[in-house]
Amino acid sequence: MTVLYFAWLRERIGAPREEVDTSAATVADLVAELAAGSEGHALAFADLTSLRVALDQELADFAAPLAGVREVAFFPPMTGG
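The shown structure was predicted, so the numbers you read here are calculated from the model rather than taken from an experiment.

Notes on unusual backbone geometry
Phase 1: Positive phi values are uncommon outside glycine, yet Ala7 reaches one of about 55°.
Phase 2: Among the secondary structure elements, Ala7 is positioned in the loop between β1 (2-5) and α1 (8-13).
Phase 3: We note that Gln57 has phi near 70°; this positive angle belongs to a residue other than glycine.
Phase 4: Within the secondary structure, Gln57 is located in the loop between β3 (52-55) and β4 (58-60).
Phase 5: Among the residues examined, Gln57 registers a relative accessible area of 65% and is labelled exposed.

The structure is reproduced here in C-alpha coordinates:
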(Lines give C-alpha, C1' and ligand atoms only; values in the text may rest on other atoms or scores of the structure.)
Protein backbone atom coordinates (compact mmCIF):
# COMPACT_ATOMS: atom_id res chain seq x y z
CA MET A 1 0.00 0.00 0.00
CA THR A 2 1.21 3.51 -0.76
CA VAL A 3 1.09 6.02 2.09
CA LEU A 4 1.29 9.71 1.16
CA TYR A 5 2.19 12.57 3.49
CA PHE A 6 1.38 16.22 2.84
CA ALA A 7 2.41 19.56 4.34
CA TRP A 8 4.06 19.39 7.79
CA LEU A 9 3.61 15.61 7.99
CA ARG A 10 6.04 15.24 5.09
CA GLU A 11 8.53 17.44 6.93
CA ARG A 12 8.28 15.50 10.20
CA ILE A 13 8.49 12.10 8.54
CA GLY A 14 11.13 13.16 6.04
CA ALA A 15 9.46 11.71 2.95
CA PRO A 16 6.45 12.50 0.77
CA ARG A 17 5.47 8.83 0.40
CA GLU A 18 6.37 5.30 1.34
CA GLU A 19 5.33 1.79 0.42
CA VAL A 20 4.05 -0.09 3.46
CA ASP A 21 3.41 -3.77 4.02
CA THR A 22 0.77 -3.89 6.74
CA SER A 23 -1.73 -6.19 8.35
CA ALA A 24 -3.62 -3.22 9.86
CA ALA A 25 -7.40 -3.61 9.72
CA THR A 26 -8.24 0.10 10.06
CA VAL A 27 -6.63 3.47 9.51
CA ALA A 28 -6.14 3.79 13.28
CA ASP A 29 -4.28 0.47 13.31
CA LEU A 30 -2.06 1.67 10.46
CA VAL A 31 -1.33 4.92 12.31
CA ALA A 32 -0.29 2.92 15.39
CA GLU A 33 2.07 0.78 13.28
CA LEU A 34 3.57 3.81 11.55
CA ALA A 35 3.96 5.79 14.79
CA ALA A 36 5.87 2.89 16.32
CA GLY A 37 8.27 2.82 13.36
CA SER A 38 10.22 6.04 13.89
CA GLU A 39 10.46 9.18 15.95
CA GLY A 40 9.35 11.26 12.96
CA HIS A 41 6.24 9.14 12.46
CA ALA A 42 5.46 9.31 16.19
CA LEU A 43 5.74 13.09 16.09
CA ALA A 44 3.60 13.38 12.95
CA PHE A 45 0.82 11.22 14.41
CA ALA A 46 0.95 12.58 17.97
CA ASP A 47 -2.33 14.54 17.59
CA LEU A 48 -4.84 12.85 15.31
CA THR A 49 -7.34 15.69 15.80
CA SER A 50 -5.07 17.79 13.58
CA LEU A 51 -5.10 15.25 10.72
CA ARG A 52 -7.37 14.15 7.92
CA VAL A 53 -7.12 10.94 5.91
CA ALA A 54 -8.18 9.86 2.44
CA LEU A 55 -8.41 6.28 1.22
CA ASP A 56 -7.97 5.90 -2.53
CA GLN A 57 -8.64 9.66 -2.81
CA GLU A 58 -11.90 9.58 -0.80
CA LEU A 59 -12.11 11.30 2.60
CA ALA A 60 -12.44 8.79 5.42
CA ASP A 61 -12.11 8.58 9.18
CA PHE A 62 -9.63 6.75 11.34
CA ALA A 63 -12.05 3.88 12.02
CA ALA A 64 -12.35 3.11 8.29
CA PRO A 65 -11.33 -0.38 7.17
CA LEU A 66 -8.27 -0.79 4.96
CA ALA A 67 -9.38 -3.95 3.12
CA GLY A 68 -8.74 -3.42 -0.59
CA VAL A 69 -7.26 0.07 -0.14
CA ARG A 70 -4.24 0.84 -2.33
CA GLU A 71 -3.47 4.41 -1.23
CA VAL A 72 -3.71 6.20 2.11
CA ALA A 73 -3.06 9.94 2.29
CA PHE A 74 -2.55 11.93 5.49
CA PHE A 75 -2.84 15.72 5.53
CA PRO A 76 -3.78 18.62 7.80
CA PRO A 77 -7.28 20.12 7.60
CA MET A 78 -7.63 22.52 4.70
CA THR A 79 -9.04 26.00 4.85
CA GLY A 80 -10.71 27.95 2.11
CA GLY A 81 -9.68 31.32 0.92
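So, the sheet that holds strand β2 (residues 17-19)
Phase 1: Pairing within the open sheet is mixed, and its 5 strands lie in the order β2-β1-β5-β3-β4. Lying at the two open borders of the sheet, with one neighbouring strand each, are β2 and β4. Strand-to-strand twist across the sheet, computed as the mean angle between neighbouring axes with direction ignored, equals 25°.
Phase 2: With 4 bridges connecting them, β3 and strand β5 (residues 71-75) associate as antiparallel partners. When the sheet's bridge partners are listed, Arg52 is paired in β5 with Phe75.
Phase 3: Taken strand by strand, helix α2 (residues 27-35) contacts β1, β2, β3 and β5, and its axis lies near 70° from that of β5.

Cut-offs and rules
- Residues numbered from 1 in each chain as written.
- Predicted model: local features only at pLDDT ≥ 70, side-chain atom pairs only at ≥ 80, totals over all residues.
- Heavy atoms only, no water.
- Helix = DSSP H or I, 4+ residues; strand = E, 2+ residues; numbered from the N terminus.
- Buried < 20%, exposed > 50% of the residue type's maximum accessible area, 1.4 Å probe, protein only.
- Pairing = 2+ DSSP bridges.
- Axes fitted to C-alpha atoms, helices over the stretch in contact; angles between N-to-C directions.
- Contact = heavy atoms within 4.5 Å.

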